[in-house]
Amino acid sequence: MSTVTRPRILVVGAGFAGVECVRRLERRLSPGDAEITLVTPLSYQLYMPLLPQVASGVLTPQSVALSLRRSAKYRTRIIPGGAIGVDLKAKVCVIRSITGRIVNESYDYIVLSPGSITRTFDIPGLTDHAFGMKTLAEAAYIRDHVITQLDLADASEDPAERTSRLQFVVVGGGYAGTETAACLQRLTHAAVERYPRLDPGLIKWHLIDIAPKLMPELGEKLGRSAQEILTRRGIEISLGVSIAKAGPTEVTFTDGRVVPTRTLIWTAGVVASPLIATLGAETVRGRLAVTADMSLPGEDGVFALGDAAAVPDAAKGVEGAVCPPTAQHAIRQGKQVAGNIIATLTGRPLQPYHHKDLGLVVDLGGTDAVSKPLGVELQGLPAQVVARGYHWSALRTNVAKTRVMTSWLLNSIAGDDFVRTGFQARRPAKLKDFEYTDAYLTPEQVRAHVEETGLPVR
């Protein structure tokens, strides 16, 4: 095929789903078969399940940031920017580049895998005072912040200030919140030994969730075991409780308790990227409604997957069941969508997505973990071996695997360090500052923008 007639495949998002789709397309299609383009504001794939270990300093940030430009053999064109709208009729994606310039990218096939953002609610003070745990920058910032609280508490002569700096609140009893609380509690527990002026008894971690159980997906036994492990470490767990309001020096729970704290970490779930709302298409709880083969009904050449799509979960055999927003599903959906695009190009039928969940792993730091691989319930060191073995094998590159394994071994031998970099000390770093949710257009704005003249269409 000539360059002019090559079909244009545009992949939005460099998460698990998007990167897996691109890599499969590159392996299965020759350079003359299609032009592949990837839109992402960052030139790396983030291995998000290990962010709590970045926050606690067990892993370095670059250990979980897998470069998309490292290999010279990949031919995909990377557009450094964020997709802020899609016009399905014109087959155009509107992109704001990292320079701030807005361009239109035409496509023949588009794969929508923009991922998700932190789910927040209309709680007074939440976005102004809470930290998130969704990006690499947030994880690195939280580590600095937590160690800074120890330093400031050690320097303070005010008992009230010292108390508020040594109490930490994590909202969200899912995997992200539980692992974050567990890893950071271990960090502060080890660090306080280096602060002789601080009373270890003043350091308190709170883990709260509106749900009646901690990580209900694990089942009754493992969920209870995880809760017992955290309680034994001194983490106070409150279920059926959320945040009523948040301030700079205290947080009010819905049960009326007021906790003095300078650290509120919000991990209470995710919602699909705001990009999905720009399409004006049907959604299921905010996620784009797609068919079993992950195509958008009534639209030619449009596929959606990962956190942003409500992909039917055929393996459950339950009417209306959709795949949970996990890396396990996203990776396999990326492969399937790539196969379906190739099937479209070659005139073959599309295949539905079907994957039986392989199980769950929860790393609580040290030798503490709970895992459920293939339905087998494990605790302690065996569960930790399975959890870290799963994460290690899921890392896409040998460089990343080497970095992560080396960091784990070094941490197990030398223990934690308590260095704060101070790189981001002078910039705001709360929930509202990291996810740029105000950058997206409305469906009407997208259409009006595409119809305007003067802006380039690539």
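Calculation rules
- Residues numbered from 1 in each chain as written.
- Predicted model: local features only at pLDDT ≥ 70, side-chain atom pairs only at ≥ 80, totals over all residues.
- Heavy atoms only, no water.
- UniProt positions renumbered as here; feature names shortened; annotations may be inferred.
- Pairing = 2+ DSSP bridges.
- Helix = DSSP H or I, 4+ residues; strand = E, 2+ residues; numbered from the N terminus.
- Buried < 20%, exposed > 50% of the residue type's maximum accessible area, 1.4 Å probe, protein only.
- Right-handed = clockwise from strand over helix to strand, strands pointing away.
- Axes fitted to C-alpha atoms, helices over the stretch in contact; angles between N-to-C directions.
- Left-handed = near helix turned anticlockwise from the far one by under 90°.
- Contact = heavy atoms within 4.5 Å.
- Nonpolar A, V, L, I, M, F, W, Y, C, P; charged D, E, K, R; others polar.
- Lys, Arg positive; Asp, Glu negative; His and termini not counted.
- Salt bridge = Lys/Arg side-chain N within 4 Å of Asp/Glu carboxyl O.
- Polar contact = N/O pair within 3.5 Å; in protein donor to acceptor, adjacent residues only side chain to side chain.

Labelled according to an unreviewed UniProt entry, the protein chain appears under the name NAD(P)/FAD-dependent oxidoreductase, originating from Streptomyces incanus. Looking at the Sequence similarities (unreviewed entry) heading of the UniProt record, one finds this comment for the protein chain: "Belongs to the NADH dehydrogenase family."

Participant: How should I be thinking about the sheet that holds strand S20 (residues 287-289) in this particular structure?
Facilitator: Sheet strands pair by backbone hydrogen bonding; their relative direction is either parallel or antiparallel. A sheet is described by the order of its strands in space; here three strands give the open sequence S19-S20-S22, paired in mixed fashion. Both outer strands of the open sheet, strand S19 (283-284) and strand S22 (309-310), are each paired with one neighbouring strand and no more. The pairing of S19 with S20 spans two bridges and is classified as antiparallel. Across the sheet, residue Thr-283 finds its bridge partner in S20, namely Leu-288.

Participant: Could you clarify how one ought to interpret the pairing of strand S1 (residues 8-12) in this entry?
Facilitator: Note on strand geometry: in a regular strand, side chains alternate between the two faces of the sheet. The buried fraction of S1 is high, at four of five residues. In this structure, S1 lies alongside strand S2 (residues 35-40), joined through five bridges in parallel fashion. Note that in S2 the partner of Ile-9 across the bridge is Ile-36. For the handedness criterion, the β-α-β arrangement of S1, helix H1 (residues 16-28) and S2 is classed as right-handed. Summarising the sheet, S1 and strand S8 (residues 109-112) pair through four bridges and their orientation is parallel. In the sheet register, Val-11 faces S8, and the bridge partner there is Val-111.

Participant: Hey, could you run me through unusual backbone geometry in this one?
Facilitator: Residues apart from glycine generally show negative phi values, whereas peptide bonds are mostly found in trans. Although it is not a glycine, Arg-285 sits at a positive phi angle of roughly 50°. On the secondary structure map, Arg-285 appears in the loop between S19 and S20. Residue classification places Arg-285 among the exposed positions, given a relative accessible area of 83%. Non-glycine residue Leu-374 carries a positive phi angle of around 55°. The residue Leu-374 is located in the loop between strand S24 (369-373) and strand S25 (378-379) in this model.

Participant: Would you mind going over the packing of H1 against helix H8 (residues 327-345) with me for this structure?
Facilitator: Helix-helix packing is described using two parameters, namely the angle between the two axes and the distance between the axes. The interhelical angle for the contact between H1 and H8, taken along N-to-C directions, is 35°, at an axis separation of 7 Å. Classified by chirality, the crossing of H8 by H1 is right-handed. Between H1, through Phe-16, Ala-17, Glu-20, Cys-21, Arg-24, Leu-25 and Arg-28, and H8, the contact on the second element is made entirely by Ala-327, Ala-330, Ile-331, Gly-334, Lys-335, Val-337, Ala-338, Ile-341 and Ile-342. By residue class, the composition of the contact of H1 with H8 is eleven nonpolar, one polar and four charged.

Participant: Can you help me understand the side chain of Lys-134 in this one?
Facilitator: Tracing the backbone shows Lys-134 in the loop between strand S10 (130-131) and helix H4 (136-155). Despite its burial, Lys-134 remains without a salt bridge, the nearest opposite charge being carried by Asp-307 at 4.7 Å. Only 3.2 Å separates the side chain of Lys-134 from the side chain of Ser-116, close enough to count as a polar contact. Contact partners of Lys-134, with chain neighbours within four places excluded, come to Leu-46, Met-48, Leu-51, Ser-116, Ile-117, Thr-118, Val-270 and Glu-435.

Participant: What's the story with the sheet that holds strand S15 (residues 250-253) in this structure? I'm lost.
Facilitator: Read across the open sheet, the three strands follow the order S14-S15-S16; overall the sheet is antiparallel. In this open sheet, the two strands that pair with only one neighbour each are strand S14 (243-246) and strand S16 (258-260). Ignoring which end each strand starts from, the neighbouring axes of this sheet average 20° apart.

Participant: Would you take a moment to explain the pattern of salt bridges for this structure?
Facilitator: As a working rule, side chains carrying opposite charge can pair if their charged atoms are close by. Taken as a whole and assessed by the stated rule, the structure comprises 20 salt bridges. Linking Arg-447 and Asp-87 is a salt bridge whose minimum nitrogen-to-oxygen distance equals 2.4 Å. One end of the pair, Arg-447, is in helix H12 (residues 443-451); the other, Asp-87, is in strand S5 (residues 77-87), and 360 residues separate them in sequence. On the accessibility criterion, Asp-87 (5% relative accessible area) is buried. Residue Arg-143 pairs with Asp-417 through a salt bridge whose shortest N-O separation is 2.8 Å. Separated by 274 residues along the polypeptide, Arg-143 in helix H4 and Asp-417 in the loop between helix H10 (398-414) and helix H11 (431-434) bring together distant segments of the chain. Classification of Arg-143 by relative accessible area gives buried; the value is 9%. With a relative accessible area of 40%, Asp-417 lands in the partly exposed category. Residues participating in the shared-partner salt-bridge network are Arg-6, Glu-35, Arg-77 and Glu-105.

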